[in-house]
Amino acid sequence: MSMTEKPAETPERLAFYEKIGREAYTPLWSVFAELVTREPKSRCVPHLWRFDQAREWLLEAGGLITAKEAERRVLILENPGMRGESKITTSLYAGLQLVLPGEIAPAHRHSQTALRFVLDGDGAYTAVDGERTIMHYGDFVITPPWAWHDHGNDSDAPMIWLDGLDIPMTSFFDASFAEGNTAEEQSVSRPLGDSDARYGANLLPVDFDSGVRASPIFNYPYERSRDALERMRAQDEWDSCHGLKMRYVNPVDGGFAMPTMATFLQLLPKGFATARYRSTDATVFVPVEGRGRTTIDGEVFAWGPRDIFVAPSWKWIEHAADEDAVLFSYSDRAAQQKLGLWREQRDAP
Ligand code: 1HN
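Residues numbered from 1 in each chain as written. Predicted model: local features only at pLDDT ≥ 70, side-chain atom pairs only at ≥ 80, totals over all residues. Heavy atoms only, no water.

Enquirer: Hey, could you go over the packing of aromatic side chains for me, with residue numbers and the actual values?
Expert: If you walk through the whole model with that rule in mind, you get 15 aromatic pairs. For the pair Phe140 and Phe328, a centre-to-centre distance of 5.7 Å together with 45 degrees between the ring planes defines the contact as tilted. Pair noted here: Phe140 is in strand β8 (residues 140-143) and Phe328 is in strand β21 (residues 325-331), with a separation of 188 residues, a long-range link. Ring centres of Phe285 and Phe309 lie 5.0 Å apart, and the angle between their planes is 15 degrees; on these two criteria the pair is classed as stacked. Of this pair, Phe285 sits in strand β16 (residues 283-289) while Phe309 sits in strand β19 (residues 308-311); the two residues are 24 residues apart in sequence, bridging distant segments of the chain. An aromatic cluster of three or more residues is present, and its members are Phe117, Phe140, Tyr220, Tyr248 and Phe328. One Lys or Arg, Arg132, reaches over the ring of Tyr125 and ends 3.8 Å from the middle of that ring. Against the face of Trp316 rests Arg276, its NZ or CZ located 4.1 Å from the ring centre. (Phe/Tyr/Trp six-rings, centres within 6.5 Å; stacked < 30°, edge-to-face > 60°. Helix = DSSP H or I, 4+ residues; strand = E, 2+ residues; numbered from the N terminus. Lys NZ or Arg CZ within 6 Å of the ring centre and 35° of its normal.)

Enquirer: Could you give an account of the nonpolar core, naming the residues involved and the relevant values?
Expert: Across soluble globular proteins, you tend to see nonpolar side chains buried next to one another. Formed by 50 residues in total, the largest nonpolar core has its most connected members in Ile88, Leu96, Phe140, Leu162, Ile308, Phe328 and Tyr330. Those residues in contact with Ile308 that lie beyond four places of it in its chain are His47, Leu48, Trp49, Leu77, Leu96, Leu119, Leu162, Val284, Phe285 and Val286. Among the nonpolar cores identified, the runner-up in size contains 16 residues, and Leu268, Phe285, Ile296 and Ala311 belong to it. (Core = buried A, V, L, I, M, F, W, Y, C linked by side-chain atoms within 4.5 Å. Buried < 20%, exposed > 50% of the residue type's maximum accessible area, 1.4 Å probe, protein only. Contact = heavy atoms within 4.5 Å.)

Enquirer: Give a detailed account of the site of the ligand, specifying residues and quantitative values.
Expert: Taken together, Arg72, Tyr93, Gln97, His108, His110, Arg116, His149, His151, Asp163, Leu165 and Ile167 make up the full set of residues near the ligand. A distance of 2.7 Å separates an oxygen atom of the ligand from a polar side-chain atom of His110. Residue Arg116 places a side-chain N or O atom 3.1 Å away from an oxygen atom belonging to the ligand. Here the ligand, which alone exposes 320 Å², has 84% of that area covered by the protein. Looking at the shell around the ligand, the elements with two or more residues in it are β3 (93-99), β4 (104-110), β9 (149-152) and β10 (159-165). (Near = heavy atom within 4 Å. Polar contact = N/O pair within 3.5 Å; in protein donor to acceptor, adjacent residues only side chain to side chain. Areas by Shrake-Rupley, 256 points an atom, 1.4 Å probe, with all protein chains shown as cover.)

Enquirer: Break down the environment of Asp52 for me, with residues and values.
Expert: Inspection of the secondary structure assignment puts Asp52 in helix α3 (residues 51-62). Here the alpha-carbon distance between Asp52 and Asp307, two residues 255 residues apart in the chain, equals 8.0 Å.

Enquirer: So what's going on with the side chain of Arg333? Which residues, and what values?
Expert: In this fold, Arg333 is placed in helix α8 (residues 333-338). Although buried, Arg333 forms no salt bridge, and the nearest oppositely charged side chain, Asp281, lies 5.0 Å from it. Excluding residues within four positions of it along the chain, Arg333 makes contact with Phe256, Ala262, Phe264, Asp281 and Trp342. (Lys, Arg positive; Asp, Glu negative; His and termini not counted. Salt bridge = Lys/Arg side-chain N within 4 Å of Asp/Glu carboxyl O.)

Enquirer: Which residues make up unusual backbone geometry, and what are the values?
Expert: Within the chain, Asp174 stands out as a residue other than glycine whose phi angle is a positive 50 degrees. Structurally, Asp174 is set in the loop between α5 (167-172) and β11 (178-180). Positive phi is not limited to glycine here, since Asp297 has a value of about 55 degrees. Position of Asp297 relative to the elements: it lies in the loop between β17 (292-296) and β18 (299-303).

Written out as structure tokens, the structure reads:
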């Protein structure tokens, strides 16, 4: 049988499909080519959201509903190819969350893993399983599956961050559980900086086994990651497709920081233009510093700090930096690699 063409229908065949269809059967040969495609086919399309517009509408939402009433005051970034599905890619969710000064986003927990990437404001906290962390611009913070979490803003300015969750993936597996807490905020049971000291200093408690697959570090401060990139650039070894690209790591097993989602931070020096690459993990990019342009499937997106753009699976991507630029990104590569699915093709050595 051809991989791409479906056999011609005949009146006898159609009558047969009709008969078996009434009893919940379908002939594989009439759907095979759509099920097993030669290459990834997706409704996900490239798109860019401007932070300035998002911030304006988030602040407007801030006048319409409180964080408490909304549970989470978030504007979802919906892929234009999949409107109404709360997805930025086929497997991933993205939203922008606003917490105003004095507000609390109440404690809850769920099966879905979440990441936060801080985009505006300074000094709000998120609490995960009894420990708070204070958030600053560019910090990457994780909420492992089934961990209690709440957010609060004791600063005097609005805080906005990007939420990335594996919601569509969890729905795909029909594995979603969630519960709220009777108390609005968790009681604090560990001092600030406890996880960082225990797990973030190239040390681990001897015999450590958290029983959780996510990293025990839950705030990866931008200051530290950025400093690492800056010190490495002196070596002048740029990957032709990715510049200087690092992945956030779980110190316990060397894997990605979260079980389903992979996160990255990359530096593209001023004037650098990458070679093309494509990979099976549709990716959400967030420029943290600098300006540049990314071409995705032939379409050019000019970006600046805090804009958000998405590249679908298996579409050619190339970046060009007009200034020294830093990009944060996340994708489902962590899951795909565990499942033996991930592929990358480089149009370069
Ligand atoms: C969630 O728990 C948060 O904790 C944000 O801030 C967005 C979207 C869907 C489901 C849970 C948060 C979310 C979410």
